[in-house]
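# A closer look at the structure
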Amino acid sequence: MHLVHPLGFRIDEKSLKRAGLDYWDKIEMEEHDSLEEFLKRYPAESHNMFFATTKGKTKYTDIDYAEMEEVFVLYGKETKGLPEGLLEKYLDTKTIRIPMLPALRSLNLSNSVAIITYEILRQQRFENLQETSTYFDK
């Protein structure tokens, strides 16, 4: 996971504990000071990078993620989305969207992340993920 500052939330231990994120220590994470810094280090043209937006031209399910070793999906702030200039640059090639009812503005950010992430994992056959529940095996 890559976090690009400024964040709209806190990632200190107290905030994470209150949010119930008891898996935080298992996440590989990089922090970046700005979107420009992130894109300089990981150029969209040379990575499997997609920009999630309600303005996207392609449904997130129409991308074949199966053979992609590394996939980047960028999400903007819940209130603003990604910068317009960035979306315009990649509108026809790298923007993806989740289909919604016409009257809806957008989905909750965490729901959008979960929906797209699990589609990528599904297409990659949930590689390296637990196949069955061990809850009742104890």
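Residues numbered from 1 in each chain as written. Predicted model: local features only at pLDDT ≥ 70, side-chain atom pairs only at ≥ 80, totals over all residues. Heavy atoms only, no water.

All right, on to the overall build of the protein chain then. The helix and strand inventory of the protein chain stands at four helices and six strands. Across the protein chain, helices and strands are ordered from the amino to the carboxyl terminus as β-α-β-α-β-β-β-α-β-α. Here the analysis covers contacts within the protein chain between residues at least 6 apart in sequence; of these, 68% occur between residues at least 24 apart. When the accessible area of the protein chain is evaluated, it comes to approximately 10400 Å², of which 51% is carbon and sulfur surface. (Helix = DSSP H or I, 4+ residues; strand = E, 2+ residues; numbered from the N terminus. Contact = heavy atoms within 4.5 Å. Areas by Shrake-Rupley, 256 points an atom, 1.4 Å probe, with all protein chains shown as cover.)

Another aspect to go through is the pattern of salt bridges. When the charged atoms of two side chains lie near each other, side chains of opposite charge can form a pair. Summed over all chains, the structure comprises four salt bridges. A salt bridge links Glu 84 to Lys 55; the shortest N-O distance between them is 3.5 Å. One end of the pair, Glu 84, is in helix α3 (residues 84-90); the other, Lys 55, is in the loop between β3 (49-52) and β4 (58-59), with 29 residues separating them in the sequence. According to the relative accessible area criterion, Lys 55 is partly exposed, its value standing at 44%. (Salt bridge = Lys/Arg side-chain N within 4 Å of Asp/Glu carboxyl O. Buried < 20%, exposed > 50% of the residue type's maximum accessible area, 1.4 Å probe, protein only.)

Turning to the confidence of the model for the protein chain, a few remarks are in order. Averaged over every residue, the pLDDT of the protein chain is 88; the share at 70 or more is 89%. Of all secondary-structure elements in the protein chain, the lowest mean pLDDT belongs to helix α1 (residues 13-18), at 66, while β3 reaches the highest, 98. (pLDDT = per-residue confidence, 0-100.)

The next subject is a nonpolar patch on the surface. On the surface, Tyr 118, Phe 126 and Leu 129 cluster together into a nonpolar patch covering about 280 Å² of accessible area. Mapped onto the secondary structure, Tyr 118 falls in helix α4 (residues 109-123). (Patch = residues over 30% accessible without salt bridge, like charges linked within 9 Å, V, L, I, M, F, W, Y side chains within 5 Å.)

The next subject is the sheet that holds strand β5 (residues 72-74). The strand order across the open sheet formed by four strands is β4-β6-β3-β5, and the pairing between neighbours is parallel. The open sheet is flanked by β4 and β5, the only strands paired with a single partner. Sheet analysis places β3 next to strand β6 (residues 95-97), joined by two bridges and oriented parallel. Bridging from a neighbouring strand, Phe 51 pairs with Thr 95 of β6. (Pairing = 2+ DSSP bridges.)

The subject of this paragraph is the pairing of β3. The alternating pattern of β3 places Met 49 and Phe 51 and Phe 50 and Ala 52 on opposite faces, both of which are buried. Note that β3 and β5 share three bridges and pair parallel. Among the inter-strand pairings, Phe 51 is bridged to a residue of β5, identified as Leu 74.

This part covers the nonpolar core. Soluble globular proteins tend to pack their nonpolar side chains together in the buried interior. The biggest cluster of nonpolar side chains holds twelve residues, and these are Leu 35, Phe 38, Tyr 42, Ala 44, Met 49, Phe 51, Phe 72, Leu 74, Leu 82, Leu 86, Leu 87 and Tyr 90. For this core, the secondary structure elements donating two or more residues are α2 (35-41), β3, β5 and α3. Those residues in contact with Met 49 that sit more than four places away from it in its chain are Phe 38, Leu 39, Tyr 42, Pro 43, Ala 44, Phe 72, Leu 74 and Lys 94. If you look at the next biggest cluster of nonpolar residues, it comprises eleven residues, including Ile 63, Met 68, Ile 98 and Ile 120. (Core = buried A, V, L, I, M, F, W, Y, C linked by side-chain atoms within 4.5 Å.)

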